[in-house]
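Listed below are the residues making up each chain.
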Amino acid sequence: MWNGNSKLRPSSPVLKPNQMSWHPQYRSSKFRHVYGKPASKENCYDSVPITRSVHDNHFCAVNPHFIAVVTECAGGGAFLVIPLHQTGKLDPHYPKVCGHRGNVLDIKWNPFNDFEIASCSEDATIKIWNIPKQLLTRNLTTYRKELIGHARRVGLVEWHPTTANILFSAGYDYKVMVWNLDTKDSVIAGPVKTINCHQDVILSMSFNTNGSLLATTCKDRKIRIVDPRLGIVLQEASYKGHRANKVLFLGSLKKLLSTGTSRWNNRQMALWDQENLSVPLTEEDLDGSSGVLFPFFDSDTSMLYIVGKGDGNIRYYEVSVEKPHLTYLTEYRSYNPQKGIGIMPKRGLDVSSCEIFRFYKLITTKSLIEPVSMIVPRRSESYQEDIYPPTAAAQPSLTAHEWLSGMNRGPIMMSLRPGSELLDSQTLPPERPLSNSMVQVSPQPLEPMKQPAEDGDQAPFSLLEEKLPKWTAEHHLGEKSCLTNGFDVFECSPPKTENELLQMFYRQQEEIRRLRELLIQREVQTKQLELEIKNLRMALGQL
């Protein structure tokens, strides 16, 4: 109906409370416009003989130094370890890591040592390999440790997220085994714990943030939350409407995300309350394809990525505690289907381009590994603090003995700002006990830093001790450096000519630039000290 006082515009209809406007309702989110950016051809890994195994695993593992991919090998199982910078066409005779008597089914890098990787195989063994820092010139057949205990083939391996030298494996004997690698033996003939609560093949495993809980999916269609040290089932989902295949803890949200199929065989994902697995909080049907859905969660940004085996697409969502718990953002589309997928740890991302996640797609039809970066579009080229909160560092917070004795501790945090890493994983020797590389804390935390370690150990390592004298020296230097190009900008006389005014202007611009750099350095040092204090408080609270 037209308003008589206005011939150009109709009166706006009144919307009832339960009636939606035609305007799309967007949530305010800094990740709403995240987009996927595939690497150029020269930055891909070409002519890679990717495995033809039909096992539903990632077949790829990535860290800031290497990309490892399961491959074909006559007479046994093998995988390739390619330096991350060595892109382009792969040599047909490129050396392999081979030593298994059966096909390799899963590989995982040690999260605390970029030069150590675990592999499991159809030969019912798990092997731990040390990868040399220099390029491989021939096949690597000498493993560091061999773990023997499963009666049938081993399909999954997972490192504990916060503890050094603790590895989990799941086999087709329906058992999950806990291994302590903190030993000098090259062959470990039995696990420290065997979890026997499953009635069929285990399909996936996932840890919560501090590694005190283990979630599993099984071929009997049940999701279980298990105490990994006691081996008892704490929660079990027997919901008939969702057949779970993969499961994932969603960081510190106390929620689980499972992917699988519905009663009508549609691919589906379901969100669960960690404390109550009777009914899912929400379910969402995705499509009618048959490939397995691999879920990945970034706890720093609360973003969930769903990657389908045999698809070319990557869907991504934002997860929140409030309803609706899952908010669809968009998807990355590609015509090249992935057989497997690898993800880069957060510490290996390019923060200068606002990259918040990176996938490595295994494209068997082209024998290609294609990196895909998830980018937050920003105009500024400076470090974006809001999209890079402190993340887990490559440093364990517990020893194997401490965790097995019942201790829990969250991950040690680090900043992704360039130059502010807490500890580079390369500096950690593979067999070094954690007690030598962590600050030892007592009710009076400042005293042990000055005292030598007891029982013949090395002196405790403290970043706070190293950085404080350096910061003090820079502070005194900053106080004295009032000169710019040999000219004191604070004691100069006022300019009298235009030329003197220009010279003064340029000197002040140079001084402003120098002070900005000094301010950035101070911010980095402040963040480092804050993280040190947080880690010390966290360690002190556990005692």
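Note that this is a predicted model, so its numbers are computed, not measured. (Residues numbered from 1 in each chain as written. Predicted model: local features only at pLDDT ≥ 70, side-chain atom pairs only at ≥ 80, totals over all residues. Heavy atoms only, no water.)

## Topic: the overall build of the chain
Line of reasoning, step 1. Secondary structure assignment for the chain yields three helices and 35 strands.
Line of reasoning, step 2. With 543 residues in all, the chain has 49% of them scored as buried.
Line of reasoning, step 3. Across the chain, every contact between residues at least 6 apart in sequence was considered, and the portion connecting residues at least 24 apart equals 54%.
Line of reasoning, step 4. Summing over all exposed atoms, the chain offers an accessible surface of approximately 27,600 Å²; the carbon and sulfur share of this is 52%. (Helix = DSSP H or I, 4+ residues; strand = E, 2+ residues; numbered from the N terminus. Buried < 20%, exposed > 50% of the residue type's maximum accessible area, 1.4 Å probe, protein only. Contact = heavy atoms within 4.5 Å. Areas by Shrake-Rupley, 256 points an atom, 1.4 Å probe, with all protein chains shown as cover.)

## Notes on the packing of aromatic side chains
Line of reasoning, step 1. Overall, the coordinates contain 14 aromatic pairs when judged by the stated rule.
Line of reasoning, step 2. Measuring from ring centre to ring centre gives 6.0 Å for Trp129 and Tyr143, while their planes differ by 85°; the resulting arrangement is edge-to-face. Of this pair, Trp129 sits in strand β10 (residues 125-130) while Tyr143 sits in the loop between β10 and β11 (145-148); the two residues are 14 residues apart in sequence, bridging distant segments of the chain.
Line of reasoning, step 3. A residue is classified by how much of its surface remains accessible, and Tyr143, at 28% relative accessible area, is partly exposed.
Line of reasoning, step 4. With centroids separated by 5.7 Å and ring planes inclined at 20°, the aromatic side chains of Tyr383 and Tyr388 adopt a geometry described as stacked.
Line of reasoning, step 5. For Tyr383, a relative accessible area of 15% gives the class buried.
Line of reasoning, step 6. By relative accessible area, which is 1% here, Tyr388 ends up buried.
Line of reasoning, step 7. Among the aromatic residues, ring-to-ring pairing joins Phe296, Tyr305, Tyr316, Phe357 and Phe359 into one connected group.
Line of reasoning, step 8. Over the ring of Phe115 we find Lys133, and its NZ or CZ is 5.4 Å from the ring centre.
Line of reasoning, step 9. Across the ring face of Tyr172, the terminal group of Arg153 is positioned such that the distance to the ring centre comes to 4.1 Å. (Phe/Tyr/Trp six-rings, centres within 6.5 Å; stacked < 30°, edge-to-face > 60°. Lys NZ or Arg CZ within 6 Å of the ring centre and 35° of its normal.)

## A word on the nonpolar core
Line of reasoning, step 1. Ile67, Phe79, Ile131 and Tyr360 are the most contacted members of the largest nonpolar core, which totals 34 residues.
Line of reasoning, step 2. Of all the elements in the fold, those that place two or more residues in this core are β3 (60-62), β4 (66-71), β5 (77-83), β8 (104-109) and β30 (355-363).
Line of reasoning, step 3. Look past the residues within four positions of Ile131 in its chain and what remains in contact with it is Phe66, Val81, Val97, Trp109, Phe115, Ile117 and Leu140.
Line of reasoning, step 4. Counting residues in hydrophobic clusters, the runner-up holds 28 residues, among them Val34, Phe294, Met303 and Tyr383. (Core = buried A, V, L, I, M, F, W, Y, C linked by side-chain atoms within 4.5 Å.)

## Overview of the UniProt feature "repeat: WD" (unreviewed entry) in the chain
Line of reasoning, step 1. The residues that UniProt annotates with the feature "repeat: WD" (unreviewed entry) are residues 97-131, 147-189 and 195-227.
Line of reasoning, step 2. Each end of residues 97-131 is marked by a C-alpha atom, and these two atoms are 9 Å apart; helix forms 0% of the span and strand 63%.
Line of reasoning, step 3. The distance separating the terminal C-alpha atoms of residues 195-227 is 9 Å; by composition the span is 0% helix and 48% strand. (UniProt positions renumbered as here; feature names shortened; annotations may be inferred.)

## Focus: unusual backbone geometry
Line of reasoning, step 1. Looking along the chain, the bond that leaves Lys323 and enters Pro324 is cis, with omega of -10°.
Line of reasoning, step 2. With respect to the helices, strands and loops of the structure, Pro324 is situated in the loop between β27 (314-319) and β28 (326-332).
Line of reasoning, step 3. Its identity as a non-glycine residue notwithstanding, Ala124 has a phi of 70°, on the positive side.
Line of reasoning, step 4. The residue Ala124 is located in the loop between β9 (116-121) and β10 in this model.
Line of reasoning, step 5. When its relative accessible area of 12% is taken as the criterion, Ala124 is described as buried.
Line of reasoning, step 6. In this structure, Ser367 takes a positive phi of about 50° despite not being glycine.

## With respect to the environment of Phe359
Line of reasoning, step 1. Positionally, Phe359 belongs in strand β30.
Line of reasoning, step 2. The exposure class of Phe359 is buried, given its relative accessible area of 0%.
Line of reasoning, step 3. Between the C-alpha atom of Phe359 and that of Ser373, which follows or precedes it by 14 residues, the distance is 6.4 Å.
Line of reasoning, step 4. Those residues in contact with Phe359 that sit more than four places away from it in its chain are Phe296, Tyr305, Val307, Ile314, Ile341, Gly342, Ile343, Glu370, Pro371, Val372 and Met374.

## Some points on the environment of Gly77
Line of reasoning, step 1. Looking at the secondary structure, you find Gly77 in strand β5.
Line of reasoning, step 2. Accessibility expressed as a relative area gives 2% for Gly77, which makes it buried.
Line of reasoning, step 3. Note: C-alpha distance between Gly77 and Leu105 (28 residues apart in sequence) is 8.6 Å.
Line of reasoning, step 4. Excluding its chain neighbours within four sequence positions, the residues that come into contact with Gly77 are Val97, Cys98, Gly99, His100, Arg101, Gly102, Asn103 and Val104.

## A closer look at the sheet that holds strand β21 (residues 242-249)
Line of reasoning, step 1. Taken in spatial order, the four strands line up as β21-β22-β23-β24 in an open sheet, and their pairing is antiparallel. Each edge of the sheet is formed by a strand with only one pairing partner; in this case those strands are β21 and β24 (282-287). The average undirected angle you get between the axes of adjacent strands in this sheet is 25°.
Line of reasoning, step 2. Where β21 and strand β22 (residues 255-262) come together, seven bridges link them in antiparallel fashion. Bridge pairing in β22 links Val247 to Ser258. (Pairing = 2+ DSSP bridges. Axes fitted to C-alpha atoms, helices over the stretch in contact; angles between N-to-C directions.)

## Description of the side chain of Arg267
Line of reasoning, step 1. Position of Arg267 relative to the elements: it lies in strand β23 (residues 267-273).
Line of reasoning, step 2. There is a polar contact of 2.4 Å between the side chain of Arg267 and the side chain of Asp311. (Polar contact = N/O pair within 3.5 Å; in protein donor to acceptor, adjacent residues only side chain to side chain.)

## Some details on the pairing of strand β25 (residues 293-298)
Line of reasoning, step 1. Burial analysis of β25 places six of its six residues in the buried class, which makes it a mostly covered element.
Line of reasoning, step 2. On β25, burial covers both faces: Leu293, Pro295 and Phe297 on one face and Phe294, Phe296 and Asp298 on the other are all buried.
Line of reasoning, step 3. The sheet contact formed by β25 and strand β26 (residues 303-308) spans six bridges and is antiparallel. Paired with Pro295 across the strands is Ile306, a residue of β26.

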